[in-house]
Amino acid sequence: MTAAPLVAGGPGLAQRRHLATAIPGPASQDLIARKGAAVAAGVGHTAPVSAVAAGGGVVIDADGNSLIDLGSGIAVTGVGNSHPAVVEAVAAQAAQFTHTCFMVSPYEGYVAVCEELNRLTPGDHEKRSALFNSGAEAVENAIKIARHATGRQAVVAFDHAYHGRTNLTMALTAKAMPYKSGFGPFAPEVYRAPVSYPLHDGLSGPDAAARAISMIEKQVGASQLAAVIIEPVLGEGGFIVPAPGFLPAIADWCRANGVVFIADEIQTGFARTGAMFACEHDGVVPDLITTAKGIAGGLPLAAVTGRAEIMDAVHTGGLGGTYGGNPIACAAALAAMRVYEEEGLVERASAIGRLIAERFASVDDPRIGEVRGRGAMMAVEFVDPATGAPDPATASAVAKASIAQGVIVLTCGTYGNVIRFLPPLTIGDELLAEGLDVVVAALEDAR
Ligand code: PLZ
C-alpha cells in the first residue's frame, strides 16, 4: 500500500501542469492494480491516476503529478474542487448534524435549496422542488410526477439522449454500449424521436421539430403522452446543440397538447453553458427541470423543480427517499449556488467558451467535422475527411495522449468521436490555454 502524500486541495493549489513521473506513476499503478482486484470490472475509469487533491483547474495525483482538469468530474465541480465556501459549509453542517431524514424531521437547508432552485430556474411562475441523490433518480422522479399529474403513461426521449443508468433511465438513454447492452428488459412506454443534429441532418430547427412531432403523433399519440424529456444541449450523446427553433417548437407542441415538457439540465445547468440554465438560450420555460452535478460543488444532490400544479399533483408520501436532500449536500449546494452568482461564473463560462472556440478556429485539420457547444460546454467532433463518417479512433487517441501529457479530457458522442471540454469555471486563462495546446499537439501527433 502506498501512503498518499498529504496535500490540501482547493484554489490554493499551484495552478500549473507538472509531470513528476510518467502517467500513471508508481503510486497510481498500485491503486489501479488494487482497483482491478477489489472493484467490479464494470466500473471503468478515464485517467489512470490516484487523485489526492484538486482545486482551481488542477488535479494532483499520488505521484505528485499536477494535471490540468478539463472535465470537472463530468461537469460537477463548476465552482472548482474544494471551493473554500463549500468546504466551510460542509464542515459546519457535519459538526451540527449529518442526517435526520427530511421525511422524518425536516430541516432548513433542504427548504432553502428548494427556494433557491425555484428562484434560479427559468420562468416566474409558482414552483416547487423535491431533492434526490443522483441525476438518474431526479429523472425517474420527474417521470413519476409527470405521469401522476397527467394520468398518462407514455414518455418520449430523443436520439443521442443520456438520462442515466437505472432501469427507467436506461430505457430513456439512447446508446446501447456501454449503457444498456445486456441489462434489459427495459421499462415500457418509452418512445424515441429524432432530435435536431445540424451537422448530420442539415435540417432547420422548425423542420427537425416537425419531423419529431409527426413521429410522436403517428406512433405514440398526444393523448397517451405524459412527458417529453430532452437535454437542451445533448451531453453524453455528443454535445449536440439543436438548431435554433427546435426546442421552442417542441415545448410549444407539448403545451398545446397537455404534455409535460421536461428539460434535463443535469449536465447543462448551473452556469455551465454561459446561462444559469441552458433553456434560457432558446427562451424556453420547461414545465419540469432536472438538476444535479454542478448543484453542490461535488456533493451528491439532485432535484426536480417545476410548476406548482404539476409538482403538487402527487399525494403526500408519494415522493422521497432516505437520503434525498441530505443536510451536508444541501449546505454545500447553498454555498455553491451563492458562488455561481457572486463570482460571476455565468459570464466566466461564456468567456471560457470563447477561448476554446478561438483556439480551435486556428487549427486547420480536415478531421475536425465541427467545433460546437455553448459556454464552457464545448466539443470537437472528428470525422473521416473523405467520407464524413464518425472517427472515434482520433477522439480516443487525442484523449489518451492528452491524459499522458497531464491534461484530463473526456470523450463523448454516440459514435465516441467527440472530445469534450468541461473545465471548472474557476480555471485560469493561462492554464486553460496550456491544456488546449496539449490537446491540439496530441491531435497533430495522432495521424
Ligand atoms: N442526465 C443529462 O448528463 C449524467 C454520466 C456518467 P447521474 N452524465 C454523466 C456515466 O457514465 O455514468 C447525466 C446526464 C444527464 C442524467 C444523468 C445521470 O446523472 O448523477 O450520473 O445519475
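On a predicted model such as this, the values are computed, not experimentally measured, just so you know.

Asker: What should I look at first to understand the packing of helix H8 (residues 205-219) against helix H9 (residues 246-256) in this one?
Answerer: The geometry of a pair of packed helices is captured by two quantities: the angle between their axes and the separation between those axes. Where H8 meets H9, the axes come as close as 8 Å, and the angle between the chain directions of the two elements is 35°. Note that H8 runs across H9; the crossing there is right-handed. Facing H8, whose interface residues are Gly205, Pro206, Ala208, Ala209, Ala212, Ile213, Ile216 and Glu217, H9 presents Phe246, Ala249, Ile250 and Trp253. Taken together, the residues that form the contact of H8 with H9 break down as 10 nonpolar, 1 polar and 1 charged.

Asker: Quick question: what am I supposed to make of the sheet that holds strand S14 (residues 410-412) here?
Answerer: Neighbouring strands of a sheet are bound in pairs by backbone hydrogen bonds; such pairs are parallel or else antiparallel. Read across the open sheet, the 4 strands follow the order S11-S12-S15-S14; overall the sheet is antiparallel. Sheet topology places strand S11 (368-374) and S14 at the edges, where each strand pairs with a single neighbour. When the angles between neighbouring strand axes are averaged without regard to direction, this sheet yields 30°. Bridge analysis of S11 against strand S12 (residues 377-382) gives 6 bridges, and the strand direction is antiparallel. Counterpart to Arg372 in the pairing with S12 is Ala379. Strand contacts of helix H12 (residues 345-361): S11, S12 and strand S15 (418-421), with the helix running at about 25° to S12, the strand carrying the most contacts.

Asker: Can you walk me through the environment of Met103 in this structure?
Answerer: Residue placement: Met103 occurs in the loop between helix H3 (84-96) and helix H4 (108-120). When the C-alpha positions of Met103 and Thr322 are compared, they lie 7.7 Å apart, and in sequence the two are 219 residues distant. Ignoring anything within four residues of it in the chain, the contact list for Met103 reads Leu319, Gly320, Gly321 and Thr322.

Asker: Is there a simple way to explain the domain arrangement of the protein in this structure?
Answerer: Frequently, the measure chosen for interface size is the accessible area that the parts lose on association. One can read the domain layout of the protein as domain 1 (26-82 + 344-445) and domain 2 (85-342). Put simply, the middle of domain 1 and the middle of domain 2, counted by C-alpha atoms, are 25 Å apart. Buried area between domain 1 and domain 2, both sides added, is near 2900 Å², and the carbon and sulfur share of it is 61%. A per-residue breakdown of the area domain 1 buries against domain 2 is headed by Val79, Arg374 and Met377, which together make up 26% of the total. Here domain 1 and domain 2 share 2 salt bridges between them. Our enumeration of links across domain 1 and domain 2 arrives at 18 residue pairs in polar contact (both at pLDDT 80 or more).

Asker: How should helix H5 (residues 135-150) be read in this particular structure?
Answerer: Each α-helix turn comprises 3.6 residues. Residues three or four places apart therefore point the same way. Spanning 16 residues, H5 covers 23 Å between terminal C-alpha atoms, matching the ideal 22 Å at 1.5 Å per step. Among all positions of H5, only Gly135, Ala136, Ala138, Val139, Asn141, Ala142, Ile143, Ile145 and Ala146 are buried. A positive phi of about 70° marks Gly151, the residue just after H5.

Asker: Sorry if this is basic, but what is going on with the pattern of salt bridges here?
Answerer: It is possible for side chains of opposite charge to pair when their charged atoms get near one another. The full count for this structure, using the stated rule, is 16 salt bridges. Residue Arg348 pairs with Asp429 through a salt bridge whose shortest N-O separation is 2.8 Å. Placement of the pair is Arg348 in helix H12 and Asp429 in helix H14 (residues 429-445), with a sequence separation of 81 residues. Residue classification places Arg348 among the buried residues on the basis of a relative accessible area of 19%. One salt bridge in this structure joins Arg372 and Glu370, with 2.7 Å as the shortest N-O distance. A relative accessible area of 24% places Glu370 in the partly exposed class. One continuous salt-bridge network, built from bridges that share partners, spans Glu116, Arg119 and Glu341.

Asker: How should the packing of aromatic side chains be read in this particular structure?
Answerer: Each aromatic ring pair is specified by the distance between its two centres and by the angle formed by the two planes. Counting across every chain of the model gives 9 aromatic pairs. Judged by centre distance (5.6 Å) and plane angle (70°), the ring pair of Phe97 and Tyr107 falls under edge-to-face. Taken as a pair, Phe97 in the loop between H3 and H4 and Tyr107 in the loop between H3 and H4 lie far apart in primary sequence, 10 residues in all. For the ring pair Phe360 and Phe421, a centre distance of 5.6 Å and an interplane angle of 35° mean the geometry is tilted. Here the residue Phe360 occupies a position in helix H12, and Phe421 occupies one in strand S15, the gap between them amounting to 61 residues.

Asker: It is not clear to me how the side chain of Glu236 should be interpreted in this structure. Could you clarify?
Answerer: Turning to its location among the elements, Glu236 is positioned in the loop between strand S7 (225-230) and H9. Within the local environment of Glu236, its side chain forms a polar contact with the side chain of Gln267, the two groups lying 3.0 Å apart. In this view, Glu236 contacts Ile74, Tyr162, Tyr179, Glu231, Gln267, Cys412, Gly413, Thr414 and Arg420; residues no more than four positions away in its chain are not counted.

Asker: Just checking my understanding: could you explain the site of the ligand for this structure?
Answerer: Around the ligand, the structure places 15 residues, and the nearest of them are Gly135, Ala136, Arg165, Asp264 and Gln267. Contact distances for the ligand include 2.8 Å between an oxygen atom and a backbone N or O atom of Gly135. One nitrogen or oxygen atom from the side chain of Arg165 is found 2.7 Å from an oxygen atom belonging to the ligand. Starting from 510 Å² of accessible surface for the ligand in isolation, the protein chains cover 81%.

Asker: Explain the nonpolar core to me, please; I cannot follow it from the model alone.
Answerer: Residues Phe360 and Phe421 are the most contacted members of the largest nonpolar core, which totals 96 residues. Sorting elements by how many residues they give to this core places helix H11 (residues 327-342) first, with 11 residues. The two domains that each donate at least three residues to this core are domain 1 (26-82 + 344-445) and domain 2 (85-342). Setting aside residues up to four positions removed in sequence, Phe360 forms contacts with Ile368, Val371, Val380, Phe421, Leu436, Val439 and Val440. Among the nonpolar cores identified, the runner-up in size contains 30 residues, and Ala208, Val228, Ile250 and Cys254 belong to it.

Thresholds applied
Residues numbered from 1 in each chain as written. Predicted model: local features only at pLDDT ≥ 70, side-chain atom pairs only at ≥ 80, totals over all residues. Heavy atoms only, no water. Axes fitted to C-alpha atoms, helices over the stretch in contact; angles between N-to-C directions. Helix = DSSP H or I, 4+ residues; strand = E, 2+ residues; numbered from the N terminus. Left-handed = near helix turned anticlockwise from the far one by under 90°. Contact = heavy atoms within 4.5 Å. Nonpolar A, V, L, I, M, F, W, Y, C, P; charged D, E, K, R; others polar. Pairing = 2+ DSSP bridges. Domains from an automatic or database assignment. Buried area = accessible area lost by both parts, 1.4 Å probe. Salt bridge = Lys/Arg side-chain N within 4 Å of Asp/Glu carboxyl O. Polar contact = N/O pair within 3.5 Å; in protein donor to acceptor, adjacent residues only side chain to side chain. Expected span 1.5 Å × (residues − 1). Buried < 20%, exposed > 50% of the residue type's maximum accessible area, 1.4 Å probe, protein only. Phe/Tyr/Trp six-rings, centres within 6.5 Å; stacked < 30°, edge-to-face > 60°. Near = heavy atom within 4 Å. Areas by Shrake-Rupley, 256 points an atom, 1.4 Å probe, with all protein chains shown as cover. Core = buried A, V, L, I, M, F, W, Y, C linked by side-chain atoms within 4.5 Å.

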